[in-house]
Structures are given as structure tokens and as C-alpha cells.
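Below, each chain spelled out in residue letters.
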Amino acid sequence: MIPHLLRLGMLLCLSKLSLQQQAIGSPSYVGAVVEYHPVTDGDDGSTIAVANANNYRTIIKNASEYKVDIIVFPEFGLTSLPKDGNGAEKKFNATEYRAYYRNTASYIPNPNESVILCDTDNKYQTSLQTISCAAREYKMYVVVNHHEHADCPKSNCAPGNFLLYNTNVVFDRKGKVIAKYRKYNLFNEPGTNVTAQPEYSTFTTDFGVTFGQFICFDIVQEKPANFFVRNPNVTDIVYSTHWYDELPFNDAIQQQAAWAYGADVNLLASGYSDAQTSSGGSGIYAGKRGPIKIHQPRETSNALVVAKISKLNRQKRIEDVRAGRSFVHVFKQAEIPTVSGVPLHAPPYPPYFHDDLRPYTTQLLDPTQGSHITTLCDNELCCDFHVETNYDKKAADTPNTQQYKYRVAVFNGVRNVMNQTTAGLEVCALIACAGDRIEDCGSIYHANLSVVQPTTFDSFIITRRANLSSRVFYEPSTLTMTDRQPIDNGDFAYVISGHKNSSLLLMYLVRPKSDVMTFAIYGRKFDRDGEEVTRPKSNGPSITPSFVVVMMIMILMTLRNCK
């Protein structure tokens, strides 16, 4: 009997080792991101953080039923953003902000200390200890965001004699802190400290994937995000965010999909959900293969997004991205009660922020014309557009309806980013407008209005030249009209060819689309960040496309007609 039991024990042990080896060598892993609306009521930030941590534990338990390997939670999801008497996010000055979060923030150990918070005393906040215990109990990598309290150096101390950081913390399956990252590019966070230089935080998992991480506004900045674009050893990114949707180029999931495509990495993005401030949007993205699964209900919600994610090996996917291996679980009130009493929907006219497009050089399209071949230039950036439209006049003439107008637009300049900073841009775009004026672009019609879409784009092609050896990052930015989600990656193509210092960027529709809101090659020109904002000017003249562009358009149209 005893030898039999010994043999059984050995077999079980070997079975576990075999499963672990299969996990390391397997072509995929299971990832999850959480769309979460946190507890906000109360005066004690630590108590609020504990309540959110207990909800996180419920979510982690739910994720374990789907054999999730790694789960990501949103920015401010634990320590929250308190509300004022009107239900809006409370406005703090730097002193008030630091005072509020001083006792809520937690000391966070450095990864080289190998600390399991679940086993420690009261040095760390209970909220983080709860997450450590949940990661160990359910044997899952867990990424959370928490305000960090750090001791001051002996000289040049911050106000209040402590340092306050916006920090992501990564726990392994044992509940040990294996990585942390302090946000470098702050957004409306008065009194929060930043490191002297950006941190490039990475961690490697037992299933053989090396992750990088950054937070919210970092995604549109050069550092640390571009480090991971250039680093072939980092194939996957975990991203916590509290985003404010902005049309026409910076809706949350639009930006997530665009950056993942431009970087060609797997991106696990977790969003803070609050429809009243146009915040939310979470997803799992497979680089140039597009979104695997996204959640953007345009209402306040708590949801778990789970997907099987193909690993990348030297930028090639080991396994194809397959539909049907992902899903969204929306939590009921009984499971996660944080949306109880909270307005679930935005006001009738969604409070979208929108970019000031008046400095752009634009041209209004006449969809009844059918064919447009034009080049627009703005401050030495020239973009070539070839447009073929099909216009349903019967639908357009439907009584008591509105329809979006379209402009092609070019911009090479500096924009104001919600009065927080300025950013250099290079943009070639098709944009929808709720009216004939440029001021109407980046706006949407009131929800109570009846809107028709008589314009179908049979073909749309954008080309431009670029110097990729400079401090730039280009991404294909798309958004649909009907559900305001990225255009399916099978419906468009984005190609870069030529030498690095003289590349041709080409973006085009693969099949006709009638619900386009945004279709753009969106470029960040980092060396112009911080410069004075470009002011509105009169539109420049159109010019005739180059011979090369005309030939490329003819070739593309021929290929498309052969399909």
C-alpha cells in the first residue's frame, strides 16, 4: 500500500512539473483586465481603499474560475477619487491633495526586498495586504494602482516631509511584490511627486512572458512608453488608466488600440469607469492583429474582460489570435455594489472633451462628388488623400434627420492638452463633423436627434512621408460612428516602407465603410512638447498629388478590385 501511495505522489509531483513546463512553453496565456468604478463615499481614504480591495478580491476570485494567469486593475481603483457634493470629482490644490492621500498612501517595498505583504505587520496599508493575500490564495499575478508614501531624503524634502507617488504594484502568485512603477507623466494630480528620471519597470512571469508597465497619460508621452516600443525583450504591456475621452483622436479604447498597433505589442489595459466624466474603456489588444476583446459600454460599470493571448516571439505570434476565446463578465450589483446610486449613463449630450481643430488645415468633402484626389499641406507636412464615396441621396433627404459632414485634415504643430501641457503632433486625417464648420469637428450630435449616414467610403487612402529616425511615434487612429469603437483591423491596412529617414506611411480602407468617425495617421512629435500652442490660421491651398502617390493609388485600387 505504501509503495503504491509513494508512486502516486511521485506521479502527481511530475504532473505538476509537467503542467508548469507546458505553461512556460505554451503558445499563449490567459490575461484579464478590469473595468471598475470604485467606492468614493466617505472621509477616510484608508477605509475606502480597504473596501475597494475587498471588491478586488471578489473579482480575483471570479477570474480564477477562468484560470487567469495575470489580471490588471485601473488607475485610482483602490485609493479612489473622492466626489464633491454634486457628484463630480473633487478639485484639490496641491496642499489639499497631499493632505487627503497622506494617510491613504502606503509604503511599498522595492522588488529586490522579496516582501510578501500578506505576511507582514502594519507597515503597509491593509488594502495592499489584502491584494497580496488574494494573489497568493488564487495563485495569480495581480497588477494594482495605489498611492505610495515614501520617506524624504535628508535634504530638499517635499512639503509635509514625505513623498507621494502614483504607483503601480505587481504581485506574483505567492503574493510577493515583484515590480513597481511610479507614474512619470502626471495629469491633474497636484502635489504628486515624480522621479528624477522615468522608471523602466519590467517583470518576467513563470509562463515565460516579460511585461513592461506604465500608467494612463504615459501612453502618449515619449518616456517611458517608447522604451518598450524599441525593446524586443518586452512583448507585453500592462496598463492602468483613468482616461478622459476626447474626440476625434483620443477616445480611450481608440488610443489603446492605436498605440498597441503602432508598438505591435500585446496590451492589457484596465480603465476607471465613470460615465459622468467620460471615463472608462478597457481592453486586451494583440498589436497589429487588433483588439482581442474590448469593453466600452458608455456607462458606469464593473466588468471583467478575459482573453487567451498569443505570446510573441521576436515580434511573431506563436499562436493565431482566434475569435471566441474571450469574453466580458459584467458584475451584478449583488456581486460588486459600487455603482449603486451612481448615474450609470452620461447626460443626453455626452460630455466628451474634444481637440481644438481650428489650427488644422482642412478641406470639406462633398460626398456627392464621388471621387476626390487632393493633397493638403500644413507647415511643410503634406498628406495625400484619395477618396471614393457613394452617397445615398434618398437617406440624406429623410425629413427631420441630421447627417455628419466630413473633412480631410492635416496638422503639423503643437496642441494644448486639456490645459495640462502642450504636445507636438503630425496628423493626416479624415474626421466627421456635426456640422459644416471646423468647430463642429470632434463633436457629436445630441442623443435625442435622429441621425442618418448616407455617405459610404468605397475607398479611402492616406499617404505621407516621414523621418522615423527622429523623435516620433506614429499610429493608425480609427473610430466608428455607430458604437465608437476602433475600426476592425481586417477593414483597414497600415503600411510603412522605405528607409528609416525617408519612409512612406500608407493607410487605407480594405472594404467600404459607412460609419467612419475618425481615420488617421496620428503622429506624436516629442521634440516639440512644451512649445507654445499653434494658433488658428487660414487653410492652405490644395495641390496636385505626386506621380508616385498617383501610381500607388492606382496599384491599390487594382489590387482591391481583384479581391
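The structure reproduced in this document is the subject of the present report. (Residues numbered from 1 in each chain as written. Predicted model: local features only at pLDDT ≥ 70, side-chain atom pairs only at ≥ 80, totals over all residues. Heavy atoms only, no water.)

**Focus: empty space enclosed by the protein**
Working step 1: Per the counting criterion, the structure on display carries 7 cavities of 30 Å³ or more.
Working step 2: Residue lining of the largest cavity: 19 residues in total, with Phe217, Val220, Trp243, Asn250 and Val417 positioned closest to the centre.
Working step 3: Those elements that provide at least two residues to the lining of the largest cavity are strand S22 (405–417), strand S23 (421–433) and strand S29 (516–525).
Working step 4: Counting residues per element, the lining of the largest cavity draws most heavily on S23, at 4 residues.
Working step 5: Grouping the constituent residues of the lining of the largest cavity by class yields 11 nonpolar, 5 polar and 3 charged.
Working step 6: Contributions of two or more residues to the lining of the second largest cavity are made by helix H6 (252–263) and strand S26 (472–480).
Working step 7: Tallied by class, the residues present in the lining of the second largest cavity amount to 8 nonpolar, 4 polar and no charged. (1 Å grid on protein atoms, 1.4 Å probe; cavity = no way out; pocket = protein on both sides within 12 Å on 5 of 7 lines; lining within 4 Å. Points joined across faces, edges and corners; volume = space filled by probe spheres on them. Helix = DSSP H or I, 4+ residues; strand = E, 2+ residues; numbered from the N terminus. Nonpolar A, V, L, I, M, F, W, Y, C, P; charged D, E, K, R; others polar.)

**Looking at the packing of aromatic side chains**
The description of an aromatic ring pair rests on the distance of the ring centres and on the angle between the ring planes.
Working step 1: With the rule as written, the count across this model stands at 32 aromatic pairs.
Working step 2: For the ring pair phenylalanine 207 and phenylalanine 211, a centre distance of 6.1 Å and an interplane angle of 80 degrees mean the geometry is edge-to-face.
Working step 3: For phenylalanine 207, a relative accessible area of 1% puts it in the buried group.
Working step 4: With a centroid separation of 6.0 Å and 85 degrees between ring planes, the pair formed by tyrosine 244 and phenylalanine 353 is classed as edge-to-face. Here phenylalanine 353 lies in strand S17 (residues 353–354) and tyrosine 244 lies in the loop between strand S8 (236–241) and strand S9 (246–247), a separation of 109 residues in the sequence.
Working step 5: Classification of tyrosine 244 as buried rests on a relative accessible area of 15%.
Working step 6: Pairwise contacts between aromatic rings join Tyr261, Phe385, Tyr406, Phe457, Phe460, Phe492, Tyr494 and Phe519 into one cluster.
Working step 7: Stacked on the ring of phenylalanine 162, the Lys or Arg arginine 98 has its end atom at 4.2 Å from the ring centre.
Working step 8: Of note, arginine 182 hangs over the ring of tyrosine 165, and the distance from its end group to the ring centre comes to 4.1 Å. (Phe/Tyr/Trp six-rings, centres within 6.5 Å; stacked < 30°, edge-to-face > 60°. Buried < 20%, exposed > 50% of the residue type's maximum accessible area, 1.4 Å probe, protein only. Lys NZ or Arg CZ within 6 Å of the ring centre and 35° of its normal.)

**Quick look at the state of the cysteines**
Working step 1: For the structure shown, the criterion picks out 5 disulfides.
Working step 2: Disulfide partner of cysteine 118: cysteine 133, at an S-S distance of 1.9 Å. As the torsion about the S-S bond is roughly 100 degrees, the cysteine 118-cysteine 133 disulfide counts as right-handed. Here cysteine 133 lies in helix H4 (residues 126–137) and cysteine 118 lies in the loop between helix H3 (94–102) and H4, a separation of 15 residues in the sequence.
Working step 3: On the basis of relative accessible area, cysteine 133 is assigned to the partly exposed category, the value being 28%.
Working step 4: The side chain of cysteine 433 participates in a disulfide bridge whose partner is cysteine 441; the two sulfur atoms lie 1.9 Å from each other. Taking the torsion about the S-S bond as the criterion, the cysteine 433 to cysteine 441 disulfide, at about 80 degrees, is right-handed.
Working step 5: Bonded cysteines in the protein chain are paired 1-2, 3-4, 5-6, 7-8, 9-10 when counted in the order they occur along the chain. (Disulfide = S-S within 2.5 Å.)

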